[in-house]
Amino acid sequence: MDPSPTESLQTWRTNETEGRESSVWRAMDLKKRRKILEKKKTIHDLIKRASSIDDPLSPFDSFRRYRRNDLSLYLESGRGDRLSSSVKHHIQKLLKTNMEGFYGSDWPIQAKVKRKEMSSADAHYIFVRELRFGKAYETSTQRTCMEGCNQIAGFVHYRFILEEEIPVLYVYEIQLESRVQGKGLGEFLMQLIELIASKNRMSAIVLTVLTSNALAMTFYMSKLGYRISSISPSKANLPTLSVKYEILCKTFDSEAKSVLENDEEPTKD
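Keep in mind that this is a model prediction, so the values were computed, not measured.

Trainee: When you look at the packing of aromatic side chains in this model, what are you seeing that I'm missing?
Mentor: To describe a pair of aromatic rings, one takes the distance between the centres and the angle between the planes. Overall, the coordinates contain nine aromatic pairs when judged by the stated rule. Plain terms: the ring middles of tyrosine 103 and tryptophan 107 are 5.8 Å apart, the flat faces sit at 40° to each other, and that makes the pair tilted. Residue classification places tryptophan 107 among the buried residues on the basis of a relative accessible area of 7%. Within the aromatic cluster, the residues linked to one another by ring pairs are Phe63, Tyr66 and Phe188. Above the ring of tyrosine 172, the side-chain terminus of arginine 159 is found at 4.4 Å from the ring centroid.

Trainee: What exactly am I supposed to notice about helix α2 (residues 85–103) here?
Mentor: A turn of α-helix holds 3.6 residues, and therefore any two residues three or four places apart point the same way. The sharpest bend along α2 measures roughly 40° and falls at threonine 97. Positioned one or two residues after α2, glycine 104 has a phi angle of 60°, which is positive.

Trainee: I tried to follow the layout of surface pockets on my own but got confused; where do I start?
Mentor: Its boundaries defined by the atoms lining it, the largest pocket holds a volume of some 1200 Å³. What lines the largest pocket is a set of 37 residues, and nearest its centre among them are Ile174, Gln175, Asn213, Ala216 and Tyr220. Counting only elements with at least two residues in the lining of the largest pocket, the list comes to α2, α3 (107–118), β7 (166–176), α4 (185–199), β8 (204–210), α5 (214–223) and β10 (245–251). Split into classes, the residues belonging to the lining of the largest pocket amount to 22 nonpolar, nine polar and six charged.

Trainee: When you look at empty space enclosed by the protein in this model, what are you seeing that I'm missing?
Mentor: Empty space among the atoms can be located by rolling a probe the size of a water molecule over them. For the structure on display, the rule yields one cavity of 30 Å³ or more. Reported here for the largest cavity is a volume of approximately 40 Å³. Every residue lining the largest cavity is listed: Ile91, Leu95, Lys114, Glu117, Met118, Tyr125, Phe155, His157 and Glu173. At the level of secondary structure, the elements contributing two or more residues to the lining of the largest cavity comprise α2, α3 and β6 (150–163). Of the residues forming the lining of the largest cavity, the biggest block, three residues, is contributed by α3.

Trainee: Even after reading the chapter, I still don't get the environment of aspartate 54, so can you show me in this structure?
Mentor: Turning to its location among the elements, aspartate 54 is positioned in the loop between α1 (5–52) and β1 (65–66). Spatially, the C-alpha atoms of aspartate 54 and glycine 78 are 7.9 Å apart, while their sequence positions differ by 24 residues. Polar contacts involving the side chain of aspartate 54 include one to the side chain of arginine 82, which spans 3.3 Å.

Trainee: What's the story with the packing of α4 against α5 in this structure? I'm lost.
Mentor: Packed helices, taken two at a time, are described by the angle their axes make and the gap between the axes. Running from N to C, α4 and α5 point in directions that differ by 55°, and their axes come no closer than 12 Å. Taken together, the axes of α4 and α5 are oblique relative to one another. In the packing of α4 onto α5, the handedness of the crossing is right-handed. Seen from α4, the contacting residues are Gly186, Glu187 and Met190; seen from α5, they are Phe219, Tyr220 and Lys223. For the contact of α4 with α5, the class distribution of residues is three nonpolar, one polar and two charged.

Reading guide: rules and limits
- Residues numbered from 1 in each chain as written.
- Predicted model: local features only at pLDDT ≥ 70, side-chain atom pairs only at ≥ 80, totals over all residues.
- Heavy atoms only, no water.
- Phe/Tyr/Trp six-rings, centres within 6.5 Å; stacked < 30°, edge-to-face > 60°.
- Buried < 20%, exposed > 50% of the residue type's maximum accessible area, 1.4 Å probe, protein only.
- Lys NZ or Arg CZ within 6 Å of the ring centre and 35° of its normal.
- Bend = angle between axes of the 7 residues up to and from the residue.
- Helix = DSSP H or I, 4+ residues; strand = E, 2+ residues; numbered from the N terminus.
- 1 Å grid on protein atoms, 1.4 Å probe; cavity = no way out; pocket = protein on both sides within 12 Å on 5 of 7 lines; lining within 4 Å.
- Points joined across faces, edges and corners; volume = space filled by probe spheres on them.
- Nonpolar A, V, L, I, M, F, W, Y, C, P; charged D, E, K, R; others polar.
- Polar contact = N/O pair within 3.5 Å; in protein donor to acceptor, adjacent residues only side chain to side chain.
- Axes fitted to C-alpha atoms, helices over the stretch in contact; angles between N-to-C directions.
- Parallel < 35°, antiparallel > 145°, perpendicular 65-115°, else oblique.
- Left-handed = near helix turned anticlockwise from the far one by under 90°.
- Contact = heavy atoms within 4.5 Å.

Structure representation (structure tokens):
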């Protein structure tokens, strides 16, 4: 039996309403997708722009010199794809001295990974060079330097990357010669890193610390206010690793905080 005129009208109205609602939803979905794509492009351009800067230290001239606690140092920028063989050698030697003990038998594998990382075009460096006016001393290449020699006394390796769709400055390494440790230089460098991150509109600073490195964990968490990130192995339920580490973060906006920080309150004894 054919539907009555009334039934046909009701069916038409129903289909018409459903059609309009479907169109609205499609329009909303399209608008949402466009907004997501625009946000991704903005973040991509932000990281690309930050990564292309030759000298991220240029806005911070007051941080180029460090004269405290009997140290006379100056800082300069560098890029991974522009490192000389002598600088690469010095970095490798310093990494081995400072980190081999923490990695133990895993060090040969880690050293290979770090050698590859150090030469990346994405790798930014802050080199700490030491001035020893009026004193002769030996460099890493065993050549005697006289007044004004600028041996590398430490370095920071960092990159501008995406972490969980959040633009971050990721500190890959901060390594200092033993003779300049314990004199406030590490805190000074991390303050500079925060300035660089802020200047380039990064939403957080992220770094990795071996759990066996108790001094580093205390330095970042107790002294500098970093927190164990929600993406850290201990918080993300990842399988147990032979070398245990934590991913720490310091966030600068609410979105980064909601994504990268762990909201669990520390347990009280």
